[in-house]
Amino acid sequence: AVVSTQSTGPNQLTVNIYQPGQGIPKHVDTHSIFTSEILSVSLGSDVVMEFKNPDTGSVLPVLLPRRSLTVMAGEARYLWHHGITPRKTDALQDVVERGMRVSLTLRECTPEPCTCKYHSQC
């Protein structure tokens, strides 16, 4: 079998439905089976995703508006942990009540070994 090392775009779609009050623990998507970019479409409710740098402890809250596309690449993809705290409201400038949210996450699976520079996260 011949395996192409050229990117063909996403070949995996994960659909998650979150009810108000649900979240997902902070994590880094697996390096060894996915390529460098991860795309996520948020439908339904706005939500705040938190990014945490494991080296510095810095936390960055990012508003994901409904009908938005998030692209994680580079350091945001390989180093920073991302997650959504389980709660029924989010507050940045205003307090926003969460509704139902659907997340469509698109990734490209690869048979190639991880070659990123963030070896401590692999």
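Just above, that's the structure.
Chains are numbered independently. Their residues run from 1 in the order of the written sequence. Reporting in this predicted model follows two pLDDT cut-offs: at least 70 for local features of residues, and 80 or more for side-chain atom pairs to be given and counted; totals over whole chains, interfaces and linings ignore these cut-offs and use all residues. As a rule here, side-chain values cover all heavy atoms of the structure and leave hydrogens and water aside.

Let us now look at the sheet that holds strand β3 (residues 38-44). Hydrogen bonds between backbone atoms are what pair the strands of a sheet, whose relative direction is either parallel or antiparallel. Pairing in this open sheet of four strands is antiparallel, and the strands run β1-β10-β3-β6 from one edge to the other. Only two strands of the sheet have a single neighbouring strand rather than two, namely β1 (12-18) and β6 (68-72). Pairwise comparison of adjacent strand axes, ignoring direction, gives a mean angle of 20° for this sheet. Strands were regarded as paired on the criterion that DSSP finds at least two bridges between them. Numbering of helices and strands runs from the N terminus, with a helix taken as a DSSP run of H or I at least four residues long and a strand as a DSSP run of E at least two residues long. Where β3 meets strand β10 (residues 101-107), six bridges bridge the pair, whose relative direction is antiparallel. Paired with Leu39 across the strands is Leu106, a residue of β10. Angular values range over 0 to 180 degrees, each being the angle between N-to-C directions of two axes fitted as lines to C-alpha atoms, with helices fitted over their stretch in contact.

Turning next to the nonpolar core. Core analysis: the largest hydrophobic core is formed by 12 residues, namely Ile38, Val47, Met49, Phe51, Leu64, Met72, Tyr78, Leu79, Trp80, Ile84, Cys116 and Tyr118. Here this core takes three residues from strand β4 (residues 47-52), the largest share from any one element. Should any heavy atoms of two residues lie within 4.5 Å, those residues are considered in contact. Phe51 has contacts with Ser58, Val59, Leu60, Val62, Met72, Trp80, His81 and His82, leaving out every residue within four places of it along the chain. Nonpolar cores are built from buried Ala, Val, Leu, Ile, Met, Phe, Trp, Tyr and Cys residues. Side-chain atoms within 4.5 Å join them into one set. With a 1.4 Å probe rolled over the protein chains alone, any residue whose accessible area is under 20% of its type maximum counts as buried; one over 50% counts as exposed, and the rest are partly exposed.

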